[in-house]
Amino acid sequence: MRPRRGRYPLANANAILLLAAVIFNASFTHINLLGNNRPLYCLADDSLEEEDDFLAEILAEQAREEEELSRIDAESREFDAMKARQQSEGGGSGMPGGGGPKMGGSNRTMPKGAAGANFSKLEEDLKKKEAGNASDKEAQEEEITTQKAERIRLKREAAFEAELKKMNEEQRKKAQKQKSKDAKVVKRVLKAHKSGRHYAVLGIRNLELQLGPYYIFNFSLGPFVFFRVKTKDIKKVYRNLARTVHPDKNKDGRAEEAFHALETSAAILTDEKQRSDYDKRIIASRRRRNKYAKESVVGVSQLAWRRSVSTLRVAKRVLG
């Protein structure tokens, strides 16, 4: 017996739907192959877009730097070639025989020092350009770093506000109070880091005192160093402060920036060579400051003495 028509309507419907899905998928594949091989839909993610923008900025900056370096390299090669030509023609003769070309019975040569002055000016201009390019590069890098830190700060602040909305009133007050304390620590760290005071970044008072060296005949004594902070104490302070400033615990928006500043200062102060160089710069800066203060005090004292003497002289003449 033949099955009656329409006995399996569900199976026929499933077959039709399956066939339609295959045709639909094939049409999408054909469109993708004909196009730019991109999907017709995508999931947007703000964080990924921000990272792509930042990566594009970095790549553009690297391209500009490479172009600037190639231009400076070309200028330096041109300058070296001109300098080599000047040295080869430095004897005042433009011909192998030693005598310059004669026109009208007299030797016409460039004034002695004119070429040297031109090359000196060119060299000075090139140095100025290099210094200006270096300063521009530093400014651009600082601007990029500042923009990145600002994006991170805004992201962290938004995350903290979202957490506050999930809390009750008591928890919200407690979190805001803790955030204000964290903000004070972060502000102190960043302020000290900006002024280049690495001991202050860690909260250490540098009371180091250096005397000497003293020279007696052909012998030297010192230098003698007192109140020097030990490296193990610096590491201990760093570990305690790092737990406070770490971005996972500190709720301030600039906690990550402060943590990087803390790591930089700790790396300098725990390395003996870098710390020695830094201490020498501090000592030299203190000496210059003390010298300036001493000269200022002496100058003011001398001025006050001269005015006092002149006042006494005038008073003596008036009183007879």
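See above for the structure.
The following refers to the structure shown.

Rules used in this analysis
Residues numbered from 1 in each chain as written. Predicted model: local features only at pLDDT ≥ 70, side-chain atom pairs only at ≥ 80, totals over all residues. Heavy atoms only, no water. Salt bridge = Lys/Arg side-chain N within 4 Å of Asp/Glu carboxyl O. Helix = DSSP H or I, 4+ residues; strand = E, 2+ residues; numbered from the N terminus. Buried < 20%, exposed > 50% of the residue type's maximum accessible area, 1.4 Å probe, protein only.

**A short note on the pattern of salt bridges**
Side chains that differ in sign of charge can pair as their charged atoms come close.
Then comes step 1: On inspection of all chains with the given rule, the structure shows ten salt bridges.
Then comes step 2: Here Glu169 makes a salt bridge to Arg172, at a shortest N to O gap of 3.0 Å. Separated by three residues within a single helix, Glu169 and Arg172 lie in helix H4 (residues 169–194), roughly one turn from each other.
Then comes step 3: The class of Glu169 is partly exposed, set by a relative accessible area of 48%.
Then comes step 4: Of the residues examined, Arg172 reaches a relative accessible area of 23% and is grouped as partly exposed.

**Quick word on unusual backbone geometry**
A negative phi holds for most residues other than glycine; trans holds for most peptide bonds.
Then comes step 1: The phi angle at Phe217 is positive, at roughly 55°, despite the residue not being glycine.
Then comes step 2: Here Phe217 lies in the loop between strand E4 (214–216) and strand E5 (219–221).
Then comes step 3: Look at Phe227: it is not a glycine, yet its phi comes out positive at around 60°.
Then comes step 4: Its location among the elements puts Phe227 in the loop between strand E6 (224–226) and helix H6 (231–245).

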